[in-house]
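# Commentary on secondary and tertiary structure
Given next are the chains, with one letter for each unit.
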Amino acid sequence: MIKMHKFDQASTIARIKSWKNPCIQISFQETSLFLYFYPKSVSHFLEMGSAIKHFVELVEQAGTVFEVANTIRGLVENHWEFPKGIDQNVNNLKRKRDELNGQKEDVESRIKSELRPRKKVKKEVDLWIENVKRINGEIPNLESKVRGSSFFPRGFLVKNVRKKEEEVEELLEKGRFSDDLVVNDLSWIGQVLPTPSLVVETIKCKKNEIMQHLRNDEVQKIGVYGMPGVGKTSVVTLVNNELLKGEIEFKIIVWVTVARNCSVIELQNKIAKAMNVSISEDEDETLRAGMLSEILSEKGRFVLILDDVWERFCFEKVGIPESSKGKLVLTSRSLDVCRRMDCQVVKMEPLSNEDAWTLFSDKVGQNLMSSIDLQPIAKSIVERCAGLPLVIVIVASSMRSEDSFPIWRNALAELNRNISSIIEIKDKVYQQL
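Keep in mind that what you see is a predicted model, and the values were worked out from it rather than measured. (Residues numbered from 1 in each chain as written. Predicted model: local features only at pLDDT ≥ 70, side-chain atom pairs only at ≥ 80, totals over all residues. Heavy atoms only, no water.)

### Considering the overall build of the protein chain
Applicable threshold: Counting from the N terminus, the helices are DSSP H or I runs at least four residues long and the strands are E runs at least two residues long. Accessibility here uses a 1.4 Å probe with only protein chains present; expressed as a share of the type maximum, an area under 20% marks a residue as buried, one over 50% as exposed, and anything in between as partly exposed. Contact definition: two residues touch when any of their heavy atoms are within 4.5 Å. Computed with the Shrake-Rupley method and a 1.4 Å probe, the accessible areas treat only the protein chains shown as cover for residues.
Counting its secondary structure elements, the protein chain contains 18 helices and 10 strands. Counting over 433 residues, the protein chain shows a buried share of 38%. Considering only intrachain contacts with a sequence separation of at least 6, the fraction spanning at least 24 residues in the protein chain is 76%. Carbon and sulfur atoms form 51% of the exposed surface of the protein chain, whose accessible area is close to 25,600 Å².

Listed below in structure tokens is the structure:
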């Protein structure tokens, strides 16, 4: 098919002239070597064409092979290293991983000690913990690949082990948090209130009863009622502070003192102010109610505490959404108000004799109550207070550190004359406690 002949110049020219249909002529004049392709017959011509085509394909394939070979060589040069000591590197990686997990446990302990109601973990701390968890899942997989690979495949894992070790070292460095791990959670709304001075066992039991209703998904509204001075405000204050501890997941705790003759617009303004939001003063009640309802609904789960409600009002007109996300706790002197607002009723009872005496003794001073002469008259005074925590605190505070028997006797006489008026002025003196 392909022949090589060595001719001189004259012989070559003569032979070319003798061809009738020369097909191909390739000459290298620099040397005396000439390569000729020429047909000797029709079948020879066809064979020659096929050979040329095959030759071209071989050249193209050779180029592809060379490209693949270069690619493989590049991969090996860039990603393969001699795997000597890779087992030791894996052991070092596991050791640093264990150190990192110890650091993670310390960080999580700090978070538990710093986390308080209306606080949240810093974003950078959260991300650090997530990265530690991620790398804890990746290291066993990498170790398994190294252990299960032969010599040559291990060479491709050397850089992976080194890179993972660098990641662990970087996390160890970042995990040395010097500042606080938590910040204020601005999505929380609520305010811790001063702990009332009327807390005795009776009050605590009522607080627990209200908290139980708040845990019950079937109870949406809770009405706490009782006579003036019986401890309604005190018990819901304890509920407010308990909710802010985060035991039950409510992100919004709103406290509003309603008071007598409070209009719808006034109540709307008080609720909005307690949530640090504003609603337009120019709009009518209905539009303002829509705005307030939308704000409360968007905020998530909430508890609205309305203290000292005198009259029934329509939730829809005010803008208080009645949904599974929200709970309402109100206090009122009237059982009828609680019932008409479809509340789960909690009745505040006067203190038991034991609780009344404990509260009085705490406020007047235990040392003073150890006096045998004063005890009988003191117990008479407590009895006249009718189990009303507020009255007990007022009287006990006025007699604190007073050891004169005539003064105690005069106080009892005065109390007998004015017990009804003491109850009537409850609202005026409560803010001073």
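Additional details are given in the paragraphs that follow.
### Some points on the sheet that holds strand β6 (residues 221-225)
Rule in force here: DSSP-based pairing: two strands are paired if at least 2 bridges between them are found. Axis definition: a line fitted to C-alpha atoms, limited for helices to the stretch in contact. Angles are taken between N-to-C directions and run from 0 to 180 degrees.
Across the sheet, which stays open at both edges, the five strands sit in the order β7-β8-β9-β6-β10 with parallel pairing between neighbours. Each end of this open sheet is capped by a strand with a single partner; those strands are β7 (252-257) and β10 (344-347). Adjacent strand axes in the sheet meet at a mean angle of 15 degrees when their direction is disregarded. For strand β8 (residues 302-307) and strand β9 (residues 326-332), the ladder comprises five bridges, and the chain directions are parallel. Its bridge partner lying in β9, V303 is registered against K327. Along the sheet, helix α9 (residues 264-274) contacts β7 and β8; its crossing angle with β7, the most-contacted strand, is approximately 140 degrees.

### Examining the pairing of β6
When a strand is regular, its side chains alternate between the sheet's two faces. With respect to burial, β6 is a largely interior element, five of its five residues being buried. What you see with β6 is no split at all: K221, G223 and Y225 on one side and I222 and V224 on the other are buried throughout. Where β6 meets β9, five bridges bridge the pair, whose relative direction is parallel. Bridge pairing in β9 places Y225 opposite S332. Pairing geometry for β6 and β10, over four bridges, is parallel. Residue pairing for β10: I222 is matched across the bridge by Q344.

### A short note on the side chain of H213
Looking at the secondary structure, you find H213 in helix α7 (residues 201-215). Those residues within four positions of H213 in sequence are excluded, and the remaining contacts are V219, I222, K327, Q344 and V346.

### So, the packing of helix α13 (residues 353-364) against helix α15 (residues 375-384)
Note the cut-off: Take the far helix as the reference: if the near one is turned anticlockwise from it by less than a right angle, the crossing is left-handed, and if turned clockwise, right-handed.
The interhelical angle for the contact between α13 and α15, taken along N-to-C directions, is 115 degrees, at an axis separation of 10 Å. Crossing handedness for the pair α13 and α15: right-handed. Where α13 abuts α15, its residues A356, W357 and F360 lie against Q375, A378, K379, I381 and V382.

### Considerations on the nonpolar core
Convention followed: Each nonpolar core is a collection of buried residues, namely Ala, Val, Leu, Ile, Met, Phe, Trp, Tyr and Cys, held together in the definition by side-chain atoms within 4.5 Å. Note that the domain bounds were set by an automatic or database domain assignment.
The biggest cluster of nonpolar side chains holds 46 residues, and the ones touching the most others in it are I210, L214, V224, L243, V329, F360 and W408. Inspection of this core shows a minimum of three residues originating in each of domain 2 (201-347) and domain 3 (353-431). Other than its neighbours up to four places away in sequence, L214 contacts I222, V239, L243, I248, F250, K327 and V329. Among the nonpolar cores identified, the runner-up in size contains 28 residues, and V254, L292, F302 and L304 belong to it.

### As for the confidence of the model for the protein chain
Any residue range with low pLDDT should be treated as having predicted coordinates unsuitable for detailed reading. Our working definition: pLDDT is defined as a per-residue confidence score from the predictor, taking values between 0 and 100.
Averaged over every residue, the pLDDT of the protein chain is 79; the share at 70 or more is 75%. Long-range and interchain partners of residues 425-433, a stretch whose pLDDT sits below 50, account for 12 contacts in this model, where long-range means more than four residues apart.

### What to know about the environment of P389
Along the chain, P389 falls in helix α16 (residues 389-398). Here P389 falls in the buried class, since its relative accessible area comes to 0%. Distance from P389 to G229, taken between C-alpha atoms, is 6.2 Å for residues 160 residues apart in sequence. In this structure, P389 is in contact with L198, G229, V230, G231, L351 and L359, ignoring residues within four places of it in sequence.

### Let's talk about helix α8 (residues 232-243)
Put simply, the test is: By this rule, a helix spans an expected 1.5 Å times one less than how many residues it contains.
Here α8 contains 12 residues, and its C-alpha end-to-end distance of 17 Å stays within 8% of the 16 Å for a straight helix at 1.5 Å per residue. All buried positions along α8 are accounted for by K232, T233, S234, V235, V236, T237, L238, V239, N240, N241, E242 and L243. Of the surrounding secondary structure, the elements contacted by the buried residues of α8 are α7, β6, β7, β8 and β9.

### Examining empty space enclosed by the protein
Heads up, the condition is: A pocket, in this scheme, is an open set of points on a 1 Å grid over the protein atoms alone with protein on both sides within 12 Å along at least 5 of 7 lines, while a cavity is a set where a 1.4 Å probe fits but cannot get out; residues line either one if an atom lies within 4 Å of a point. Grid points are joined across faces, edges and corners, and a volume is the space filled by probe spheres set on the points. Residue polarity is assigned by list, with Asp, Glu, Lys and Arg as charged and Ala, Val, Leu, Ile, Met, Phe, Trp, Tyr, Cys and Pro as nonpolar; anything else, Gly included, falls into the polar class.
On inspection of all chains with the given rule, the structure shows two cavities of 30 Å³ or more. By volume, the largest cavity is sized at about 80 Å³. In this structure, the largest cavity is lined by Q220, K221, F302, F315, I320, P321, E322, S323, G326, K327 and L328. If you tally residues by element for the lining of the largest cavity, the top one is β9, at three residues. Here the lining of the largest cavity is composed, by residue class, of five nonpolar, three polar and three charged.

### Considering the pattern of salt bridges
Pairing is possible between side chains of opposite charge, provided their charged atoms come close. To be explicit about the condition: For this document, the term salt bridge refers to a Lys or Arg side-chain nitrogen within 4 Å of an Asp or Glu carboxyl oxygen.
According to the stated counting rule, one finds 21 salt bridges in the structure shown. As a salt-bridge pair, K94 and E143 come within 3.1 Å of each other at their nearest N and O atoms. Here the residue K94 occupies a position in helix α3 (residues 86-114), and E143 occupies one in helix α4 (residues 123-147), the gap between them amounting to 49 residues. Using a relative accessible area of 24% as the deciding quantity, one classes K94 as partly exposed. Note that K174 and E170 form a salt bridge whose closest N and O atoms lie 3.3 Å from each other. On the criterion of helical spacing, the pair formed by K174 and E170 is a turn pair, its members being four residues apart in helix α6 (residues 158-174). Through salt bridges with shared partners, one network takes in D87, K94, E143 and R147.

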